[in-house]
Amino acid sequence: MTVTSVRKTFKYQLMPTPAQAQALETVLSRCRTLYNIALEQRKTWWQRGQGKSATYYQQATELPDLKTACPDYTEVNAQVLQDALRRLDKTFAAFFRRVQHGETPGYPRFQGENRYHSFTYPQYGNGAVLDGSLLSLSKIGRIPIRVHRPLHGMPKTVTVSKEAGGWYACFSCAEAPVQPLPFTGKETGIDVGLNVFLMTADGVFVENPRHYRKAERDLKKAQRRVSRRKKGSHRRKKAVKLLARKHQKVQRQRRDFHHKTALALVRQYDVIYLEELRVRNLVRNHRLAKSISDAGWAQFRTTLEYKAACAGKQVIAIEPAYTSQNCSGVLADGTHCPERIEKSLSVRTHICPQCGLVLDRDENAARNILRAGQARQGAVAVATAVN
Ligand SMILES: [Zn+2]
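Residues numbered from 1 in each chain as written. Predicted model: local features only at pLDDT ≥ 70, side-chain atom pairs only at ≥ 80, totals over all residues. Heavy atoms only, no water.

Burial of nonpolar side chains together is a common tendency in soluble globular proteins. Counting 41 residues, the largest nonpolar core has Phe-119, Tyr-121 and Leu-137 as its most contacted members. Beyond its immediate stretch of four places on either side in the chain, Leu-137 contacts Leu-24, Tyr-121, Gly-127, Ala-128, Ile-143 and Val-160. Formed by 18 residues, the second largest nonpolar core is a distinct cluster that contains Phe-257, Trp-297, Leu-304 and Val-315. (Core = buried A, V, L, I, M, F, W, Y, C linked by side-chain atoms within 4.5 Å. Buried < 20%, exposed > 50% of the residue type's maximum accessible area, 1.4 Å probe, protein only. Contact = heavy atoms within 4.5 Å.)

Judged by side-chain charge, Lys-220, Lys-221, Arg-224, Arg-228, Arg-235 and Lys-238 come together as a positively charged surface patch. Listing elements by their share of the positive patch, those giving two or more residues are α5 (211–228) and α6 (234–268). Examining the composition of the positive patch, we find that four residues originate from one element, α5, more than from any other. Looking at the secondary structure, you find Arg-224 in helix α5. (Patch = residues over 30% accessible without salt bridge, like charges linked within 9 Å, V, L, I, M, F, W, Y side chains within 5 Å. Areas by Shrake-Rupley, 256 points an atom, 1.4 Å probe, with all protein chains shown as cover. Salt bridge = Lys/Arg side-chain N within 4 Å of Asp/Glu carboxyl O. Lys, Arg positive; Asp, Glu negative; His and termini not counted. Charge placed at Lys NZ, Arg CZ, Asp CG, Glu CD. Helix = DSSP H or I, 4+ residues; strand = E, 2+ residues; numbered from the N terminus.)

With the rule as written, the count across this model stands at 14 aromatic pairs. Judged by centre distance (5.6 Å) and plane angle (55°), the rings of Phe-197 and Trp-297 are tilted. Of the two residues, Phe-197 sits in the loop between β8 (187–192) and β9 (198–200) while Trp-297 sits in helix α9 (residues 297–311), which places them 100 residues apart along the sequence. Overall, the relative accessible area of 1% leaves Phe-197 in the buried class. The ring centre of Tyr-168 lies 5.0 Å from the NZ or CZ of Lys-11, which sits over that ring. The side chain of Arg-340 reaches across the aromatic face of Tyr-322, ending 3.5 Å from its centre. (Phe/Tyr/Trp six-rings, centres within 6.5 Å; stacked < 30°, edge-to-face > 60°. Lys NZ or Arg CZ within 6 Å of the ring centre and 35° of its normal.)

For Gln-59, the position within the fold is in helix α2 (residues 56–60). Judged by relative accessible area, which is 3%, Gln-59 ranks as buried. Here the side chain of Gln-59 touches Arg-42 through a polar contact of 3.1 Å, side chain to side chain. Setting aside chain neighbours within four positions, we find Gln-59 in contact with Ala-38, Gln-41, Arg-42, Trp-45, Leu-85 and Leu-88. (Polar contact = N/O pair within 3.5 Å; in protein donor to acceptor, adjacent residues only side chain to side chain.)

The next point concerns the domain arrangement of the protein chain. Interfaces are often described in size by the accessible area the parts lose on coming together. As far as domains go, the protein chain holds domain 1 (5–177) and domain 2 (187–210 + 252–386). Of the residues lining the interface, five residues belong to domain 1; the matching set on domain 2 comes to five residues. At the boundary of domain 1 and domain 2, one finds zero salt bridges. Among the elements that take part in the side of domain 1 that touches domain 2, strand β1 (residues 5–14) stands out by supplying three residues, more than any other. Classifying every residue of the side of domain 1 that touches domain 2 by side-chain character gives two nonpolar, no polar and three charged. (Domains from an automatic or database assignment. Nonpolar A, V, L, I, M, F, W, Y, C, P; charged D, E, K, R; others polar.)

Of note, the phi angle at Lys-139 is positive, near 65°, even though the residue is not glycine. Among the secondary structure elements, Lys-139 is positioned in the loop between β4 (134–137) and β5 (141–146). Phi angles above zero are rare outside glycine, and Tyr-322 is one such case at about 55°. With respect to the secondary-structure elements, Tyr-322 resides in the loop between β12 (314–318) and β13 (349–351). The exposure class of Tyr-322 is partly exposed, given its relative accessible area of 47%.

Quick look at the coordination of the zinc ion now. Coordination of the zinc ion by the protein comes from Cys-327 (SG), Cys-337 (SG), Cys-352 (SG) and Cys-355 (SG), over a distance range of 2.2 to 2.4 Å. In this structure, the zinc ion is surrounded by four donor atoms whose angles at the metal cover 104 to 113°, and the resulting shape is tetrahedral. The motif formed by the donor residues of the zinc ion, counted along the single chain, is C-x9-C-x14-C-x2-C. Of this pair, Cys-327 sits in the loop between β12 and β13 while Cys-337 sits in the loop between β12 and β13, and the two are 10 residues apart along the sequence. Per residue, the accessibility class of Cys-327 equals that of Cys-337, and both read buried. (Donors = N, O, S within 2.8 Å, 3.2 Å for Na, K, Ca; no water. Tetrahedral: all angles 85-135°; square planar, octahedral: opposite > 155°, others 65-115°.)

What follows is the structure, encoded as structure tokens:
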């Protein structure tokens, strides 16, 4: 099956007039309040033992009453309000899912000004339309927008968000056409490195971006500054703003690094195998925690899968099974070496007494991932042929 189109998001900066910026603030604040009111309502239901019966629809049908009681809400697009309720519904669905899995998640929180950043028009064309260099939003106005690259596909939703650098609009588009990259006939496995960001089965590694450590130190400093300052003070607000900007910078740098790394991989390989990572388990291990969460492996994987889909290539995840311990070597008779060598995290090299293979531990793991992936693909092909 070839993928011919993907869902794609396009983000542009908005350049609102001061009056428009005020109107955006108002909508954002109304949505946040609605979210909190609806959360309060669910809390009451929950305490009365009716918590699980609360649904999005129940709350959405009460919106007209709310508008009668608080006419302020008539100034906000109805679908935008519904979307705020839908967000709450999703939060609760995730909460109940985790409870069901025997976890003890925190109860959904009330959203303060610093935690609620965006509102969404769930149906493009209904309240939000892009018109050349203007974004027309119902009940707000026509806001100048910087369309620095053309939009592809069919816009489905528009999310307006407030970030450290100002206001942005994200268009989620369906059926954005795929731009295939030429096939190279090559496949590889990749593994998270301990000291490097990733390692391929050919022994090519990508280092962790150097700027990240520095950015992290800056971030910590900014964080400390916030906690030193008095709550509610003007100076604290300033420090919070600075912290938000630092966060945004780190995120941008990381996203940029992920995009470049992913693009290089899909250019070079047709199929990329990787291990299904239990990130939550890994993060519990403190020594690893740092490098894993720093590098944002899960985020990278999403980027890689997306880039691969756009380029007509494949990313396939395999179940982890001793990939770092098994030997990837080959015996004299051409069969796979069966040795399994346990190593602590401090052991950097895989040394096999049976076949004599000496290899960087990450490269050995990447080779095993490639082998496991290809074996699985082979099994799938055989099963399909038999059926
Ligand atoms: Zn061996």
